[in-house]
Amino acid sequence: MSGSDGERPWPLVIVGGGPAGMSAALVASQNRVEVLVLERTAGLGGQVRWADAPVPDLLGGSAGDGAELAERFSAHLLGTRARIRAGVGVRAVMADERPLRLVLDTREELSARRVLLATGLDHRRLEVRGEHLANAEEDPRKTLGSLRGKSVIVVGGGDEGASLARDLADADATVTMLVRDKLRARPAFGDPARGHPAVEIREGAVVSEIQGGDALEAVVLTTGERIRAHFCFVRIGAEPALPEIQPPLERLDDGRVRVDEALRTSCRRIFAAGDLVRSPNERYIAVALADGAMVARKVEEDLSAGA
Ligand SMILES: Cc1cc2nc3c(=O)[nH]c(=O)nc-3n(C[C@H](O)[C@H](O)[C@H](O)COP(=O)(O)OP(=O)(O)OC[C@H]3O[C@@H](n4cnc5c(N)ncnc54)[C@H](O)[C@@H]3O)c2cc1C
């Protein structure tokens, strides 16, 4: 097991390199707390990468799109003492050990006195066979050219599904929306999809399986109908992206991690911040940045008190 220096545990390990994690790392490193950020994807930024241009509601965020903003955040952090490892996910955190023990996807183990979970949200899964064949493009809006002329299935009838269907159809894809019940997108998102000649909306369509080999071939409904398509995107909402925590942390009914005012979880040495703990109407970059900064100060207080 390795810490920041051989066997020594890291004072703070941050799981997730979105705005909450990056902000915590920035503030911690400025206050001379040795900190390691573990990010499972190749780059920092989290969901900020997907925000449209300009990012309208972040002070100073109007200069570019989400990807540019993520690059700016990332460049700032790379100029600090924070240690960053991208492309390394955390599989599990052993919350009852002292120091805390983290198991990485590589099976490597790390120890930490404090952990911040800043893992944000994942797309909710359908939980059907073959689901790994869906969502082949991480952000289809960034690669619309490759979808031109293709048949695409969008599963989900909320705002996100409807707006993606409209964008894909505008980019000359032929789109079938599969909606379990009724299209429930608000008019601002639903109407453009409903009125689009390249979008077919199938209400009452329940997916039972996704079929294919190396690539997607078809989506199968519970009626047995098989709909052929080149791509399928599942947009049925979001859920907290949490590694396994042993023993499990307390959660709210909607799956968010329960935290107190200081963003401490039911394990007091583990903090959680950002979208992982925030309700849908609190999911802003600014909120995640504030959460991260606050946790960094709390960790600094804990460590200097020898806790
Ligand atoms: C399309 C879109 C547009 C948006 N537009 C805006 C906007 O205009 N303005 C605004 O204020 N907000 C916007 N948001 C919301 C904002 O991006 C989020 O509220 C914010 O990014 C949440 O930050 P976070 O750090 O909590 O989580 P995230 O940004 O989700 O970051 C979490 C990070 O943790 C990583 N991770 C997850 N699991 C693990 C693991 N096991 N191990 C290691 N790493 C892991 C993920 O890869 C990710 O990088 C938008 C979101 C989306 C999706």
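Let us look at the structure shown here. Each residue is numbered by its place in its chain's sequence as written, counting from 1. Totals for whole chains, interfaces and linings use every residue, but because this is a predicted model, local features are given only for residues with pLDDT of at least 70 and side-chain atom pairs only at 80 or more, for both listing and counting. Computation of side-chain values covers all heavy atoms of the structure but excludes hydrogens and water.

## A closer look at the sheet that holds strand β14 (residues 231-234)
Sheet strands line up and pair through hydrogen bonds in the backbone, either parallel or antiparallel.
Working step 1: Strand order in the open sheet made by the four strands is β10-β9-β8-β14, with parallel pairing throughout. Strands at the two margins of the open sheet, each flanked by one partner only, are β10 (199-203) and β14. Looking at each pair of strands side by side, their axes are set apart by 20° on average, direction ignored.
Working step 2: In the sheet, strand β8 (residues 151-155) pairs with strand β9 (residues 174-179) via five bridges, with the strands oriented parallel. Following the sheet pairing, Ile-153 is matched in β9 by Thr-176.
Working step 3: Its contacts with the sheet place helix α3 (residues 159-170) against β8, β9, β10 and β14, and it is angled at close to 165° to β9. When DSSP locates at least two bridges between a pair of strands, those strands are taken to pair. Only DSSP runs of H or I covering at least 4 residues are called helices, and only runs of E covering at least 2 are called strands; the numbering of each starts at the N terminus. Helix axes use the C-alpha atoms of the stretch in contact, all axes being lines fitted to C-alpha atoms, and the angles between their N-to-C directions lie in the range 0 to 180 degrees. We call two residues in contact when some of their heavy atoms are within 4.5 Å.

## Considering the pairing of β10
Working step 1: One ladder, built from five bridges, connects β9 with β10; its direction is parallel. Within β10, the position partnered with Met-177 by the bridge is Ile-201.

## Description of the side chain of Arg-101
Working step 1: By the element assignment, Arg-101 lies in strand β5 (residues 100-104).
Working step 2: Polar contacts, as counted here, are pairs of nitrogen or oxygen atoms within 3.5 Å of one another; within protein the pair requires one atom able to donate a hydrogen and one able to accept it, and residues that are adjacent in sequence qualify only if both atoms are side-chain atoms. Among the polar contacts listed, one links the side chain of Arg-101 to the side chain of Glu-109, at a separation of 3.1 Å.

## What about the packing of aromatic side chains?
Working step 1: Any Phe, Tyr or Trp ring, taking Trp's six-membered ring, that has another such ring centre within 6.5 Å forms a pair; planes under 30 degrees apart are called stacked, those over 60 apart edge-to-face, and the others tilted. Scanning all chains against the criterion turns up one aromatic pair.
Working step 2: Here Phe-231 and Phe-233 contribute two aromatic rings whose centre-to-centre distance is 6.4 Å and whose plane-to-plane angle is 5°, an arrangement assigned as stacked.

## Here we look at the site of the ligand
Working step 1: Around the ligand, the structure places 30 residues, and the nearest of them are Glu-39, Gln-47, Asp-57, Asp-275 and Ile-285.
Working step 2: One nitrogen or oxygen atom from the side chain of Gln-47 is found 2.8 Å from an oxygen atom belonging to the ligand.
Working step 3: Between a nitrogen atom of the ligand and a main-chain N or O atom of Val-90, the distance comes to 2.9 Å.
Working step 4: Coverage of the ligand by the protein chains reaches 85% of its 1,000 Å² of free accessible surface.
Working step 5: When contributions to the shell around the ligand are tallied by element, the ones reaching two or more residues are α1 (19-30), β2 (35-39) and α5 (285-304).
Working step 6: Lys, Arg, Asp and Glu make up the charged group, whereas Ala, Val, Leu, Ile, Met, Phe, Trp, Tyr, Cys and Pro make up the nonpolar group; the residues left over, Gly among them, are polar. Class assignment for the residues of the shell around the ligand results in 15 nonpolar, 10 polar and five charged. Any residue with at least one heavy atom within 4 Å of a molecule or strand is counted as near it. Only the protein chains shown count as cover for residues, and all accessible areas are computed by the Shrake-Rupley method using a 1.4 Å probe.

## Overview of the packing of α3 against helix α4 (residues 187-194)
Working step 1: Look at α3 against α4: their axes get within 8 Å of each other, and the N-to-C directions meet at 40°. The orientation of α3 relative to α4 falls into the category oblique. The two elements α3 and α4 meet at a crossing, and its hand is left-handed. Residue-level inspection shows Asp-159, Ala-162, Ser-163 and Arg-166 of α3 in contact with α4, the latter providing Phe-189, Gly-190, Pro-192 and Ala-193.
Working step 2: For the contact of α3 with α4, the per-class residue count stands at four nonpolar, two polar and two charged. Angular relationships are summarised with four words: roughly parallel below 35 degrees, roughly antiparallel beyond 145, roughly perpendicular across 65 to 115, and oblique for the angles in between. Here a crossing is called left-handed whenever its near helix is offset anticlockwise from the far helix by less than a right angle, and right-handed whenever the offset is clockwise.

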